[in-house]
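# Per-entry structural report
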Amino acid sequence: MSIQLRFILTYISIVFVFIILLFLSGFLIFFSITGDADFVRKLYSHSYEYKLLTPEEENAFLDLKLLSEKKPEQLLRPETVKKYEFENIDIVIQKNTEIVYASESIKGENLRKYLPKHQKSKGNHSYQQDMLRIGKQYFTYINLDFPFSNQEKGSIYVLRKISPYVGIINRIFPFLIFLLLILVIVIIGFLNYLVSRSIIKPIRELKEAAEKIKQGDLHFEISANSKDEIGELTQAFEEMRQKLKSSVELQIQYEDNRKQLLSSISHDLRTPITSIVGYVEGIQDGVANTPDKLSKYLLTISTKAKDMNALIDELFLFSKLDLHEIPFVFKKLNISAFMESYVQELQFEMSEHDIDVLFSNDSLTTLYAKADAEQLRRVLINLTTNSIKFMDKERRRIDIVLSATESELIIEVKDNGAGISPEALAHIFDRFYRAEQSRNSNTGGSGLGLAIAKQIVERHGGDIWALSKLGEGTSIFFSLQKMNENGDTHEEDIVN
Ligand code: ADP
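The sections below set out a description of the structure shown in this document. It should be emphasised that the depicted structure is a prediction, and the values quoted were computed from it without experimental measurement.

What follows is about the overall build of the protein. Per the secondary structure count, the protein includes 15 helices and 12 strands. Classification of the 496 residues of the protein by burial places 35% in the buried group. Counting contacts in the protein only where the partners sit at least 6 residues apart, residues at least 24 apart contribute 62% of the total. Accessible area for the protein stands at about 30500 Å²; split by element, carbon and sulfur atoms hold 58% of it.

We now examine the site of the ligand. Among the 19 residues in the neighbourhood of the ligand, the closest are listed as Asn-386, Lys-389, Asp-415, Ser-446 and Leu-450. Between the ligand and Gly-447 there is a distance of 3.0 Å, counted from an oxygen atom to a backbone nitrogen or oxygen. Contact distances for the ligand include 3.5 Å between a nitrogen atom and a side-chain N or O atom of Thr-474. Those elements giving two or more residues to the shell around the ligand turn out to be helix H11 (373-389) and helix H14 (449-459). The element best represented in the shell around the ligand is H11, accounting for 3 residues. Partitioning the shell around the ligand into residue classes produces 7 nonpolar, 9 polar and 3 charged.

Now for the nonpolar core. Across soluble globular proteins, you tend to see nonpolar side chains buried next to one another. Counting 54 residues, the largest nonpolar core has Ile-335, Ile-411 and Phe-478 as its most contacted members. Of all hydrophobic cores here, the second largest spans 17 residues; its members include Val-81, Ile-89, Leu-144 and Val-158.

To continue, consider the pattern of salt bridges. One pass over the structure, following the stated rule, counts 14 salt bridges. The partner of Lys-65 in a salt bridge is Glu-69, with the nearest N and O atoms 3.9 Å apart. On the criterion of helical spacing, the pair formed by Lys-65 and Glu-69 is a turn pair, its members being 4 residues apart in helix H3 (residues 55-70). Given a relative accessible area of 24%, Lys-65 falls into the partly exposed group. Using a relative accessible area of 39% as the deciding quantity, one classes Glu-69 as partly exposed. The salt bridge involving Glu-152 is made with Lys-95; its shortest N-O contact spans 3.3 Å. Linking Glu-152 in the loop between strand S4 (137-147) and strand S5 (153-162) with Lys-95 in strand S1 (residues 89-95), this pair joins segments that are 57 residues apart in sequence. Accessibility expressed as a relative area gives 26% for Glu-152, which makes it partly exposed.

Attention shifts here to the side chain of Ser-387. Tracing the backbone shows Ser-387 in helix H11. Residue classification places Ser-387 among the buried positions, given a relative accessible area of 3%.

This paragraph deals with the pairing of strand S9 (residues 396-404). Inspection of the sheet shows strand S7 (residues 355-361) paired to S9 by 7 bridges, in the parallel sense. Bridge pairing in S9 places Asn-361 opposite Leu-402. Where S9 meets strand S10 (residues 408-415), 7 bridges bridge the pair, whose relative direction is antiparallel. Across the sheet, residue Ile-400 finds its bridge partner in S10, namely Val-413. Linking S9 to S10, which pair antiparallel, is a turn of 3 residues.

Looking now at a nonpolar patch on the surface. On the surface, Ile-172, Phe-175, Leu-176, Phe-178, Leu-179, Ile-182 and Val-186 cluster together into a nonpolar patch covering about 600 Å² of accessible area. Residue Leu-176 is classed as partly exposed on the basis of its relative accessible area of 34%.

The next thing to look at is helix H10 (residues 335-351). In this model, H10 (17 residues) spans 24 Å end to end at C-alpha, consistent with the 24 Å of a helix rising 1.5 Å per residue. Along H10, the residues classified as buried are Ile-335, Ser-336, Phe-338, Met-339, Tyr-342, Val-343, Leu-346 and Met-350. Buried residues of H10, viewed axially, fall in a sector of 155°; they line one side. Turned more than 90 degrees away from the buried face of H10 sit Gln-344 and Phe-348, all of them exposed. Between the side-chain oxygen at the start of H10 and the backbone nitrogen of Ser-336 there is a gap of 3.3 Å, and the oxygen is on Asn-334.

The subject of this paragraph is helix H8 (residues 229-284). For H8, with 56 residues, the first-to-last C-alpha span of 79 Å sits near the 82 Å given by 1.5 Å per residue. At Arg-270, H8 is bent by approximately 30°, the largest bend along its length, and proline Pro-272 sits one to four residues beyond. After H8 finishes, the residue Gly-286 shows a positive phi value of roughly 80°.

According to the stated counting rule, one finds 6 aromatic pairs in the structure shown. On the numbers, 5.0 Å between centres and 65° between planes, the contact of Phe-146 with Phe-148 is edge-to-face. Look at Phe-146 and you get buried, because its relative accessible area is 0%. The interplanar angle of 85° and the centroid separation of 5.0 Å between the aromatic rings of Tyr-279 and Tyr-297 together place this pair among those described as edge-to-face. With Tyr-279 in helix H8 and Tyr-297 in helix H9 (residues 291-322), this pair connects stretches of sequence that are 18 residues apart. For Tyr-279, a relative accessible area of 26% puts it in the partly exposed group.

This part is about the pairing of S5. On a regular strand, one side chain projects to one face of the sheet and the next to the other, so that they alternate. Where burial is concerned, most of S5 is hidden: 8 out of the 10 residues are buried. Taken together, the 7 bridges between S1 and S5 define a ladder with antiparallel strand orientation. Across the sheet, the residue bridging to Gln-94 is Ser-155, located in S5. Note that S4 and S5 share 10 bridges and pair antiparallel. Within S5, the position partnered with Phe-139 by the bridge is Lys-161. Taken together, S4 and the strand that follows it, S5, pair antiparallel across an intervening segment of 5 residues, in which Gln-151 is found at a positive phi of about 65°.

The rules we used
- Along each chain, residue indices are assigned from 1 in the same order as the chain's sequence is written.
- Thresholds applied to this predicted model are a pLDDT of at least 70 for local features of residues and 80 or more for the giving and counting of side-chain atom pairs; totals over whole chains, interfaces and linings are not thresholded and use all residues.
- Working from all heavy atoms in the structure, the side-chain values ignore hydrogens and water.
- Secondary structure follows DSSP: runs of H or I at least 4 residues long count as helices, runs of E at least 2 residues long count as strands, and numbering of each begins at the N terminus.
- Partly exposed describes any residue whose relative accessible area lies between the buried limit of under 20% and the exposed limit of over 50%, with all areas from a 1.4 Å probe on protein chains only and scaled to the type maximum.
- For this analysis, residues touch if any pair of their heavy atoms sits within 4.5 Å.
- All accessible areas in this document rest on Shrake-Rupley with a 1.4 Å probe, and a residue is counted as covered only by the protein chains that are shown.
- Being near a molecule or strand, for a residue, means having at least one of its heavy atoms within 4 Å of it.
- Pairs of N or O atoms are called polar contacts if they sit within 3.5 Å, as long as, within protein, a hydrogen donor faces a hydrogen acceptor (for residues adjacent in sequence, only side-chain-to-side-chain pairs).
- Each residue receives one of three labels: charged for Asp, Glu, Lys and Arg, nonpolar for Ala, Val, Leu, Ile, Met, Phe, Trp, Tyr, Cys and Pro, and polar for the others, Gly being one of them.
- What makes a nonpolar core is a set of buried Ala, Val, Leu, Ile, Met, Phe, Trp, Tyr and Cys residues whose side-chain atoms join them at distances within 4.5 Å.
- Any carboxyl oxygen of Asp or Glu within 4 Å of a side-chain nitrogen of Lys or Arg constitutes a salt bridge here.
- A strand pair is defined by DSSP finding two or more bridges across the two strands.
- What goes into a patch is any residue over 30% in relative accessible area without a salt bridge, connected to like charges within 9 Å or, for nonpolar side chains (Val, Leu, Ile, Met, Phe, Trp, Tyr), within 5 Å.
- In this analysis, the expected span of each helix is defined as 1.5 Å times one less than the number of residues it contains.
- To be clear, the arc concerns the directions from the helix axis to the C-beta atoms.
- To obtain the bend at a residue, axes are fitted to the seven residues ending there and to the seven starting there, and the angle between these axes is taken.
- Ring geometry is summarised as follows: Phe, Tyr and Trp rings, the Trp one being its six-membered ring, pair when their centres sit within 6.5 Å, and such pairs are stacked at plane angles under 30 degrees, edge-to-face over 60 and tilted between the two.

Now the structure itself:
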């Protein structure tokens, strides 16, 4: 059974139980007032318009009835009839179609129009009880038809004033019941609409969403329209879909990366292997027939083997970084001291190659970064290696600049090398990307140096970007999270 049907059945049963309880309590109230458990049957046998006679009405009626049987002519005398009147009890005597007596309060009215017809079918001394309206006033009445001595038709009406509402309600009672039923249907419909809108519809949407996920479709969105449990469920479902989607996308990306890595490994390793094989065959065939030639061949083989080794190391490192398999140990690092020490080391190495290395620190105070020193060193090595690799000027120079903003530290590695074309600049951080000029110049790069640097910087919560002018030089910038003396980052400072 659907939830919607269950709800409708629940509403219907609630309404019916309510109606039954209403009737039951009504019955108990009437029973406690009348002391007559049979009143319901009587009520129905006398129609819904049944009205109980008051004792005054009953007495007046019985006296008049007696008079109509014994001395009907007495009823033609107003002073006799008047005696039977009480407050709220009016009397009308009719002879044939003529009103021969009417109480003061209803006298002026055109009574003939309002009084019921003589009960021909029921014969003499038959009486009836009912309700009628005279002018704007409602009455319950008891009416007796009798014959005068000369067999002319006579009628007695004993009327009691009732509230006009009773009359109206009596008249519209069936209509009221009908209205009540309509109201019940409308209420059930309305409740059902509310439940449908707030429960059934979101559940249906969730079902459709689950169906889509089952079929592997994760490209949709469902949003919660309420803050209740259903809303929370929808929200949780949406979060689950998003996580599932990104995990599937990540899986696809890993798969792509793996394929790309494999094809790159086979491509990049084939060239040195082919040339090593060539040199080995040269030695075997006796082409390296002099000790000088032989030592040249062996030196080339050894260089190619070392290149291959370095390439394999880079590929491994990149793939491990890509799969988040390298643990990062973030600490409060005195970046000012760290950079100075790195630059000194580099200056020492570069002095042999006649390359100037300059360091400038914009800040007067000691700066701290949230960083993994070993990984940061790897970034600097990759950047400076590129600067050295693509140097083409006579006077070769590398500038390393450390600066700070309110929340970040920015490190720039600038060279006066070959520069990068604007088209290539957009791709240098892509894995395996090598700009044309670097391929031609046989710099022997894997195209992974900057991709590795990017991975590491992003793991630090920073950014990496480049500015370059072809022929003039290149600046690679990267940012790190700044730490204060206490070891808090700017974000933590704000939170605290
Ligand atoms: P590679 O191993 O080829 O150096 P990288 O990822 O480190 O790979 O660099 C990608 C490409 O970006 C390089 O092939 C080169 O064309 C360009 N590039 C990077 N740094 C520089 C630089 N300092 N000067 C000129 N070109 C650079």
